[in-house]
Amino acid sequence: FISSRTTKSYFPDEAFSLLNLTASIAIFLCSSRGLLSSMIPTNPFPTANNSKFGSSLAQSSDHFTMLVGAPASIGGEGAVYTYRLNSSGLYVENTELTLSADESSGFGNSVDFGDRTWAVAGANTSNSGAGYAVVLYQIPGTGDYVQTQLLVAPDENFSDTGFGSAVKISAD
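Residues numbered from 1 in each chain as written. Predicted model: local features only at pLDDT ≥ 70, side-chain atom pairs only at ≥ 80, totals over all residues. Heavy atoms only, no water.

Draft legend 1. Summary view of the sheet that holds strand β5 (residues 65-70). In spatial order, the strands read β4-β5-β6-β7; together these 4 strands make up an open sheet with antiparallel pairing. Among the strands making up the open sheet, the edge pair consists of β4 (56-59) and β7 (91-97). Averaged over all adjacent pairs, the angle separating strand axes in this sheet is 20°, with direction ignored. In this structure, β5 lies alongside strand β6 (residues 79-85), joined through 6 bridges in antiparallel fashion. Of the residues in β6, the one forming a bridge with Met66 is Tyr83. (Pairing = 2+ DSSP bridges. Helix = DSSP H or I, 4+ residues; strand = E, 2+ residues; numbered from the N terminus. Axes fitted to C-alpha atoms, helices over the stretch in contact; angles between N-to-C directions.)

The structure is reproduced here in structure tokens:
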């Protein structure tokens, strides 16, 4: 996918691409023949201005689910918004994920999908700047996500390290 904050790149045949716009995400279908068509922009859940909606983006390997980070929403606590493809091939709102941890802030500053069911999201300004990352599991056949594990810096350095600034998870 592509984002206005990264360099432009295209995946081979029939890959979805994402373009970060102000308070919305435009989705394009690309192939080796170039841009085929643009889909209707996905409007975010009702969010406050300056939510930083679209700061991070991730798609499942089958392109059925999309995660969109909004680290400044909900008074700075942040959120991850989930979308699913409907029968018309358009992304529709699914659910809003919030971090269930003390001193959470900036949740959604980074997101990544492992394959289709496992994901990870960062909250790098949480815990007085020490940061968190949370492992997410999507229950198969549902749009529900469960926070399975809250991760902190492995060296237990709880100073202002920004753990979770960037996240990556391997395939399922």
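Draft legend 2. Highlighting the confidence of the model for the protein. Residues with a pLDDT of 70 or more make up 70% of the protein, whose mean pLDDT is 77. Note on residues 1-22: pLDDT is under 50 here. Beyond four places in sequence and across chains, it has 60 contacts. Segment residues 36-41 is flagged for pLDDT under 50; beyond a separation of four residues in sequence, or across chains, it makes 14 contacts in the model. (pLDDT = per-residue confidence, 0-100. Contact = heavy atoms within 4.5 Å.)

Draft legend 3. Layout of the pairing of strand β8 (residues 110-113). Alternating residues of β8 divide into Ser110 and Asp112 and Val111 and Phe113, and every residue in both groups is buried. Sheet analysis places β8 next to strand β9 (residues 118-123), joined by 4 bridges and oriented antiparallel. Following the sheet pairing, Phe113 is matched in β9 by Ala119. Here β8 folds back onto β9, and the loop between the two strands holds 4 residues. (Buried < 20%, exposed > 50% of the residue type's maximum accessible area, 1.4 Å probe, protein only.)

Draft legend 4. Structural context of the sheet that holds strand β11 (residues 145-151). One open sheet holds the 4 strands; their spatial order is β8-β9-β10-β11, and the pairing between them is antiparallel. Each edge of the open sheet carries a strand with a single partner, namely β8 and β11. On average, each strand axis in the sheet is inclined to that of its neighbour by 20°, with strand direction left out of account. Where β9 and strand β10 (residues 132-138) come together, 6 bridges link them in antiparallel fashion. Pairing of Gly122 across the sheet is with Ala133, part of β10.

Draft legend 5. Spatial organisation of the pattern of salt bridges. The final tally for this structure, using the stated rule, is 1 salt bridge. Asp112 is the salt-bridge partner of Lys168, the closest N and O atoms lying 3.8 Å from each other. Of the two residues, Lys168 sits in the segment after β11 while Asp112 sits in strand β8, which places them 56 residues apart along the sequence. Lys168 gets classed as exposed once you look at its relative accessible area, which sits at 71%. Note on Asp112: relative accessible area 12%, which makes it buried. (Salt bridge = Lys/Arg side-chain N within 4 Å of Asp/Glu carboxyl O.)

Draft legend 6. Broad picture of the pairing of β10. In terms of residue burial, β10 counts as a mostly covered element, since 6 of its 7 residues are buried. Bridge analysis of β10 against β11 gives 6 bridges, and the strand direction is antiparallel. Of the residues in β11, the one forming a bridge with Leu136 is Gln147. A loop of 6 residues connects β10 with β11, the two strands running antiparallel in sequence, and Gly141 in this loop sits at a positive phi of about 80°.

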